[in-house]
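The lines below spell out each chain.
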Amino acid sequence: SGRLAQPFVYARSSIVAPDDAPAAGMARHGDVAPDFAAERVGASRERFARLRDVLGDGFVLLLAGFPDATAARAAAVRASRLSCPIRVRVVSLDADRALRDVTVLRADPDAVAPYAAAGPRAWLIRPDGHVAGSLSLASAADVDRVPELAALAIGAGRPATTPRPRRAARPTTRTVPVRPGGD
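The rules behind the values
- Residues numbered from 1 in each chain as written.
- Predicted model: local features only at pLDDT ≥ 70, side-chain atom pairs only at ≥ 80, totals over all residues.
- Heavy atoms only, no water.
- Helix = DSSP H or I, 4+ residues; strand = E, 2+ residues; numbered from the N terminus.
- Areas by Shrake-Rupley, 256 points an atom, 1.4 Å probe, with all protein chains shown as cover.
- Core = buried A, V, L, I, M, F, W, Y, C linked by side-chain atoms within 4.5 Å.
- Buried < 20%, exposed > 50% of the residue type's maximum accessible area, 1.4 Å probe, protein only.
- Contact = heavy atoms within 4.5 Å.
- Expected span 1.5 Å × (residues − 1).
- Arc of directions from axis to C-beta.
- Polar contact = N/O pair within 3.5 Å; in protein donor to acceptor, adjacent residues only side chain to side chain.
- Pairing = 2+ DSSP bridges.
- Axes fitted to C-alpha atoms, helices over the stretch in contact; angles between N-to-C directions.

A. View of the overall build of the protein. Helix and strand counts for the protein stand at 3 helices and 6 strands. Its helices and strands taken in sequence order, the protein reads β-β-α-β-β-α-β-β-α from the N to the C terminus. Summing over all exposed atoms, the protein offers an accessible surface of approximately 11,700 Å²; the carbon and sulfur share of this is 51%.

Structure representation (structure tokens):
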């Protein structure tokens with residue numbers, strides 16, 4: 001295949017959201033996030049050539065697949081105001097102008113198809129570049145579920161497990177062998 005190594009897939013990890021039967025060609029939870037060429041929108045000193053240039057400093061919430069820029073801006077602004085258990089950088093692919101506290105990227109629509117093919121969706125990408133999970137954003141209020149996804153990604157959102165019964169305590173008295181004929 002020309003590769004020296006194959007990246008690990010975290011598909012069955014407890015810190016990766018279950019994959020809800022993604023469409024063919026879409027990014028998969030637990031896989032390395034598909035990279036694409038991108039350009040930052042707005043006046044900024046930060047220059048990006050690829051999605052991977054945004055990754056590494058913390059979690060990234062990638063918003064993609066919106067039918068128009070107005071809906072994309074509304075979702076991005078709402079996401080940037082959420083209180084998450086981890087620091088999350090909000091990145092929008094569909095907003096048409098710079099937004100406060102949001103990184104807006106412009107990219108070729110075919111290149112971002114793994115994120116945008118199923119309509120409006122929020123993708124949480126870990127600092128190591130793996131997809132931690134995604135949420136369908138059928139309505140603007142669906143963005144409010146992002147903190148739950150972030151909590152799962154750091155292990156704080158796992159369902160409570162039934163505690164295992166404790167073992168009976170061992171006796172604290174100690175038996176000392178007695179040697180015959182000794183004091």
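B. Expanded view of the nonpolar core. Grouped together as the largest cluster of nonpolar side chains are 28 residues, with contacts concentrated most on Leu-61, Leu-63, Val-90 and Leu-124. Examining the composition of this core, we find that 5 residues originate from one element, helix α3 (residues 146-153), more than from any other. Those residues in contact with Leu-63 that sit more than four places away from it in its chain are Ala-75, Ala-76, Ala-79, Val-90, Val-91, Ser-92, Leu-93, Asp-94, Arg-121, Ala-122 and Leu-137. Counting residues in each nonpolar core, the second largest holds 20 residues, with Phe-36, Phe-48, Leu-51 and Tyr-115 among its members.

C. Representation of helix α1 (residues 69-80). With 12 residues, α1 extends 16 Å from end C-alpha to end C-alpha; this agrees with the ideal 16 Å at 1.5 Å per step. Listed in full, the buried residues belonging to α1 are Ala-69, Ala-72, Arg-73, Ala-75, Ala-76 and Ala-79. Across the axial projection of α1, the buried residues extend over an arc of 170°, all falling on one side. The elements touched by buried residues of α1 are β2 (59-64), β3 (88-92) and β4 (102-106). Capping the start of α1, Asp-68 holds a side-chain oxygen 3.1 Å from the backbone nitrogen of Thr-70, two or three residues further along.

D. The sheet that holds β3, seen in detail. In space, the 6 strands of this open sheet follow the order β1-β4-β3-β2-β5-β6, with mixed pairing throughout. Every other strand in the sheet has two partners, leaving β1 (39-40) and β6 (131-136) as the edge strands with one partner each. Of the strands in this sheet, β2, β3 and β4 are in contact with α1, which crosses β3 at around 175°. Contacting β2, β5 (121-125) and β6, α3 runs over the sheet at an angle of about 160° to β6.

E. Spotlight on the side chain of Ser-134. The topology assignment puts Ser-134 in strand β6. At a separation of 2.7 Å, a polar atom in the side chain of Ser-134 contacts the side chain of His-29. One polar contact links Ser-134 to Arg-121, side chain to side chain, over a distance of 2.9 Å. For Ser-134, the residues in contact, after removing those within four places along its chain, are His-29, Arg-121, Ala-122, Trp-123 and Leu-149.

F. The arrangement of the pairing of β6 in detail. Within β6, 5 of the 6 residues are buried, which leaves the element mostly enclosed by the surrounding structure. Summarising the sheet, β5 and β6 pair through 5 bridges and their orientation is antiparallel. Considered in β6, the bridge of Ala-122 is made with Leu-135. Taken together, β5 and the strand that follows it, β6, pair antiparallel across an intervening segment of 5 residues, in which Gly-129 is found at a positive phi of about 90°.

G. Focus on unusual backbone geometry. Phi is positive for Asp-101, which is not a glycine, with a value near 65°. Position of Asp-101 among the secondary structure elements: in the loop between β3 and β4. For Asp-101, a relative accessible area of 59% gives the class exposed.

H. Spatial organisation of the environment of Phe-59. Assignment of secondary structure puts Phe-59 in strand β2. Distance in space between the C-alpha atoms of Phe-59 and Val-90 is 8.8 Å, their sequence separation being 31 residues. Not counting chain neighbours up to four residues away, the residues in contact with Phe-59 comprise Ile-86, Arg-87, Val-88, Arg-89, Leu-124, Ile-125, Arg-126, Pro-127, Ala-153 and Ile-154.

So yeah, pure geometry; function would need other evidence.
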